[in-house]
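Chain by chain, the residues:
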Protein chains: 2
Amino acid sequence: MIYFDNAATTKMYAECEEVLRHFCTEEYFNPSALYANSTKVTNEINRVREELLNTLHAPQGELIFTGSGTEADNMVMFGTKKWKNARIIVSEGEHDAIYNSALELKQQGYDVQFVSITKSGAVDIESLKSLLNENVALVSIMHISNETGAINDLQKISKLIRANSPKAIIHSDGVQAFGKIDINLRALGVDLYTISGHKIHAPKGVGALFIKKGVFVRPLIFGGGQEKGYRSSTENVAGICAFGVANAMGQSKFATNYSTKREIVEYLVAKLRENIPSAQIITPLENCAPNILTVAFENIRGEVLLHILEKDNILVGIGSACSSHKESRFKKLLALDDRHRDGIVRFSFSQFNTIEEVDIVVEKIVSALNEFGNFVRV
Amino acid sequence: MIYFDNAATTKMYAECEEVLRHFCTEEYFNPSALYANSTKVTNEINRVREELLNTLHAPQGELIFTGSGTEADNMVMFGTKKWKNARIIVSEGEHDAIYNSALELKQQGYDVQFVSITKSGAVDIESLKSLLNENVALVSIMHISNETGAINDLQKISKLIRANSPKAIIHSDGVQAFGKIDINLRALGVDLYTISGHKIHAPKGVGALFIKKGVFVRPLIFGGGQEKGYRSSTENVAGICAFGVANAMGQSKFATNYSTKREIVEYLVAKLRENIPSAQIITPLENCAPNILTVAFENIRGEVLLHILEKDNILVGIGSACSSHKESRFKKLLALDDRHRDGIVRFSFSQFNTIEEVDIVVEKIVSALNEFGNFVRV
């Protein structure tokens, strides 16, 4: 199998297996119990918490473990302070976790505004600027687009927001950025930041929200008061500890992994330009994640190409997996011409991929386009 | 180690290890992706869903996977329909997931009422009756008390509610009941029912909510629309599949496991009556979970006894682990005399425990009481 859909989810590191097993079958204690075995488990959770905060270069604050990145995003959207008729700004390119929460807030009567995105999938700074005013309570702009890999300049964006909307809380969904690029939350200037485990080779079912000191976030889930009251529920100890292992693994080989992925992307770009010149590269190569290349092929539907490749055991994405069963709102935003509009395919890599795999995949795409490129066009 | 705190959490079945590994490192695909590998994973999730619905003998409806029982409880408390000034009824003995959510709803202006509990920890039916009227929007009564193991007669309770509060949605937190006693949701007559994985030897981080057909529950978490839109987030595939394995294991040996636990409880009762006649049995033995025995010892604090036993590697609870770091609101409710009030210890068993362990534990308690029973009394 060739797995080029690592932005959807990743294969767990084999190194996480033992920690999963250990905290499920040996140190399986409820962290809230009163005996020392439980305190020890709590300490393990807190150790991972510290490691993740270090990786984020976070300012003073809390990291709250959740059941997913989506849950962390929802804590932000529904838990931050808002006044009557407050303006809430998110980008058109946000993941559904933010976008659909924003629609729900609009439904509740808030003044929800959507920032335009450029044709590379980054937020349009001028559009953002035009929406900022004194009435803004919350801005959520993703760090890296899950659809194109475009990096948003959060530092610039934060400064712009602080200057024009002094009361605004600034959040960024960093699910596609965490573990992929260097992150320095102190420099980026955001108040809240979402990360997720399963995008960095940890198990599914664990995310986290960074909350800067002094920023109020109401819990989404009430109960036993775990996670300092921010998120009640018995902690997913094994998942959290596996998240820690995955983070440590990723950080220890960060530079090598980055280069590996980046080389694969560049090689794929060169191969496509050589063999399929009609394919349009959407990802902004000068400012993007190391692991994502989104391409619009001509005269074929992305979904058709996905299924053709699948027959050869090659797995690719056609944008956010989470919304792939719906007609994507995203492809409408990229200002593609008619011949390319439906041909979007997202290739996303991990350090486990190889240049040789790219050769195979491009060859398969070439023959698919030759065979199906015209008559499958609807 | 002797682990007598299985109501707090359980050791995962070794049989779950392989399924965890498999869905994290082999079939690790995002269930929402479009290729067949993802559809296969989705089918696995749905197979587990059907198995759990079968175990529950559920009427037509949905089972929605969540990150915890607490999350499922919160979906009920905040997601069901309520009108202005609607009455919401929960019992005084509810788990914090319900109790603290109820306090939050009270804060929001709803007419929140608490049903009294009897001294065995079951809900007082007369108290419930007195609170029912036409204005009740929601009633949440746990199936089995996590503090005492008392079983509430949900069938009787449901009928009473339907007769007096026709608009009320009826929920039960079945976290301590699922896998412990036979459950027939069709007979019990509730609309919503919460279960959790880690109490039945599955991993932490997975719960589920049963929603009867026609009952409206608004999502707590918006996003990609997973779980039929009820709970967005990439599914915790491995955790869900391990939940399935644990359920199947538990069901296949249900009668044997039930007897084993029940015998241990009865043996402990007999040993306590013989050796520590001053100890008061709180659990209502004629109508209780097979695995919980809650006892009030005389002239010693439960917490002190817990720490003494811990030194001999014996782990017991002193009530809900989730609220064990706070002064328990529960012990005030049991109408114990001054000498017993602070002496509550909860012993909770699994089929992995033995009669021999009970002998050891009772012996340790006897010597602890002899040594510390008087002067540690505050």
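Residues numbered from 1 in each chain as written. Chains lettered and ligands numbered in written order. Predicted model: local features only at pLDDT ≥ 70, side-chain atom pairs only at ≥ 80, totals over all residues. Heavy atoms only, no water.

Focus: the packing of helix 2 (residues 36-55) of chain A against helix 8 (residues 237-252) of chain A
Residues and elements named next belong to chain A. As a reminder, the rule being used: Here an axis means a line fitted to C-alpha atoms, over the contact stretch when the element is a helix, while the angle between two N-to-C directions is reported on a 0 to 180 degree scale. Only DSSP runs of H or I reaching four residues or more are called helices, and only runs of E reaching two or more are called strands; each is numbered from the N terminus. Helix crossings get a hand from a simple test, with the near helix turned counterclockwise from the far one by less than a right angle marking a left-handed crossing and a clockwise turn marking a right-handed one. By definition in these notes, contact holds between two residues if any of their heavy atoms fall within 4.5 Å. In this classification, Asp, Glu, Lys and Arg are treated as charged, Ala, Val, Leu, Ile, Met, Phe, Trp, Tyr, Cys and Pro as nonpolar, and every other residue, Gly included, as polar.
The N-to-C vectors of helix 2 and helix 8 enclose an angle of 35 degrees; their axes lie 9 Å apart at closest approach. Here helix 2 runs over helix 8; the crossing is left-handed. Residue-level inspection shows Val 41, Glu 44, Ile 45, Val 48, Glu 51, Leu 52 and Thr 55 of helix 2 in contact with helix 8, the latter providing Val 237, Ile 240, Cys 241, Phe 243, Gly 244, Asn 247 and Gln 251. Considered class by class, the residues forming the contact of helix 2 with helix 8 number eight nonpolar, four polar and two charged.

Concerning the pattern of salt bridges
Operational definition: The salt bridge definition used is simple: a Lys or Arg side-chain nitrogen within 4 Å of an Asp or Glu carboxyl oxygen.
Throughout the structure, instances matching the rule amount to 40 salt bridges over all chains. The salt bridge partner of Asp 342 of chain A is Arg 301 of chain A, with a shortest N-O separation of 3.8 Å. With a gap of 41 residues between them, Asp 342 of chain A in the loop between strand 11 (314-316) and strand 12 (344-348) and Arg 301 of chain A in the loop between strand 10 (292-296) and helix 10 (302-311) connect regions that are remote in the sequence. A salt bridge links Asp 337 of chain B to Arg 339 of chain B, with the nearest nitrogen and oxygen atoms 3.8 Å apart. If you follow the salt bridges from partner to partner, you end up with Glu 18, Arg 21 and Glu 26 of chain A in one network.

With respect to the domain arrangement of chain A
Residues and elements named next belong to chain A. Applied cut-off: Boundaries between domains were set according to an automatic or database domain assignment. Buried area: the sum, over both parts, of the accessible surface (1.4 Å probe) that disappears when the two are put together. Polar contacts, as counted here, are pairs of nitrogen or oxygen atoms within 3.5 Å of one another; within protein the pair requires one atom able to donate a hydrogen and one able to accept it, and residues that are adjacent in sequence qualify only if both atoms are side-chain atoms.
Split by domain assignment, chain A resolves into domain 1 (2-9 + 254-372) and domain 2 (14-251). Measuring from the centre of the C-alpha atoms in domain 1 to the corresponding centre in domain 2 gives 27 Å. Each partner contributes residues to the interface: domain 1 has 32 residues there, and domain 2 has 30 residues. Contact with domain 2 buries area across many residues of domain 1, yet Phe 254, Arg 329 and Phe 330 alone supply 28% of it, more than any other trio. Our count for the domain 1 to domain 2 interface comes out at zero salt bridges. Connecting domain 1 to domain 2 are twelve residue pairs in polar contact (both at pLDDT 80 or more). Of the residues belonging to the side of domain 1 that touches domain 2, the class tally is 16 nonpolar, twelve polar and four charged.

Some remarks on the packing of helix 1 (residues 15-25) of chain A against helix 8 of chain A
Residues and elements named next belong to chain A. As a reminder, the rule being used: For classification purposes, an angle smaller than 35 degrees is called roughly parallel, one larger than 145 roughly antiparallel, one from 65 to 115 roughly perpendicular, and anything else oblique.
Relative orientation of the contacting elements helix 1 and helix 8 amounts to 155 degrees, with a least axis distance of 8 Å. Considering the angle they form, helix 1 stands roughly antiparallel to helix 8. The interaxial crossing formed by helix 1 with helix 8 has right-handed handedness. Contacts between helix 1 and helix 8 involve Glu 15, Cys 16, Val 19, Leu 20, Phe 23 and Cys 24 from the former and Val 237, Ala 238, Gly 239, Cys 241, Ala 242, Val 245, Ala 246 and Met 249 from the latter. Considering only residue class, the contact of helix 1 with helix 8 consists of twelve nonpolar, one polar and one charged.

Overview of the sheet that holds strand 12 of chain A
Residues and elements named next belong to chain A. Threshold: The rule for pairing is simple: two strands pair if DSSP sees at least two bridges between them.
Pairing is antiparallel in the open sheet, where three strands are placed in the order 9-10-12. Each edge of the sheet is formed by a strand with only one pairing partner; in this case those strands are strand 9 (280-281) and strand 12. Sheet topology note: the strand 9/strand 10 ladder contains two bridges and is antiparallel. Bridged to Ile 281 within strand 10 is Val 295.

As for the relation of the copies chain B and chain A
To keep things clear, this is the line we draw: Each copy is superposed on the other by least squares, with the fit set by C-alpha atoms of residues at a pLDDT of at least 70 in both.
It takes a turn of 180 degrees to lay chain B on chain A, together with a shift of 0.0 Å along the axis; the resulting RMSD is 0.0 Å. Look at the turn and shift together and you get a two-fold axis relating the two. Taking C-alpha positions as the reference, the residue of chain B nearest the rotation axis is Gly 67 of chain B, at 2.7 Å. Most of the interface of chain B is mirrored in chain A: 98% of its interface residues are interface residues there too.

Comments concerning the nonpolar core
Cut-off, in case you're wondering: By nonpolar core is meant a set of buried Ala, Val, Leu, Ile, Met, Phe, Trp, Tyr and Cys residues that side-chain atoms within 4.5 Å join together. Residue burial is assigned from relative accessible area. The probe radius is 1.4 Å, only protein chains are included, and a residue is buried under 20% of its type maximum, exposed over 50%, and partly exposed in between.
Within the largest apolar cluster, 196 residues are counted, with the highest numbers of intra-cluster contacts made by Phe 297 and Phe 347 of chain A together with Phe 297 and Phe 347 of chain B. Those residues in contact with Phe 297 of chain A that lie beyond four places of it in its chain are Leu 272, Ile 276, Ala 279, Leu 305, Arg 339, His 340, Gly 343, Val 345, Phe 347, Ile 365 and Leu 369 of chain A. Judged by nonpolar contacts, the second largest core, of 50 residues, contains Ile 64 and Leu 138 of chain A together with Val 112 and Phe 222 of chain B.

Considerations on the state of the cysteines
Filter applied, for reference: By definition, disulfides here are pairs of cysteine sulfur atoms that lie within 2.5 Å.
All told, the structure shown has zero disulfides over all chains when counted by the stated rule. Cys 16 of chain A provides the cysteine sulfur closest to Cys 24 of chain B, a residue in no disulfide bond, and the two sulfurs are 8.3 Å apart. Lacking any disulfide linkage, Cys 241 of chain B is separated from the closest cysteine sulfur, that of Cys 24 of chain B, by 9.9 Å.

Brief notes about the pairing of strand 7 (residues 192-196) of chain A
Residue and element names in this part refer to chain A. Taking burial as the measure, the five residues of strand 7 include five buried ones, the bulk of the element. In this sheet, strand 7 lies alongside strand 6 (residues 169-173) in parallel orientation, the contact comprising three bridges. Bridge pairing in strand 7 links Ser 172 to Tyr 193. Bridging between strand 7 and strand 8 (residues 207-212) involves five bridges; their strand directions are antiparallel. Directly across from Thr 194, in strand 8, lies its bridge partner Leu 209.

Observations regarding the side chain of Glu 27 of chain A
Residue and element names in this part refer to chain A. For Glu 27, the location among the structural elements is in the loop between helix 1 and helix 2. Of the polar contacts made by the side chain of Glu 27, one reaches the side chain of His 22; its length is 2.8 Å. Within the structure, the side chain of Glu 27 is placed 3.1 Å from the side chain of Lys 40, a separation counted as a polar contact. Sequence-distant contacts of Glu 27, defined by excluding residues within four places in its chain, comprise His 22, Lys 40 and Val 41.

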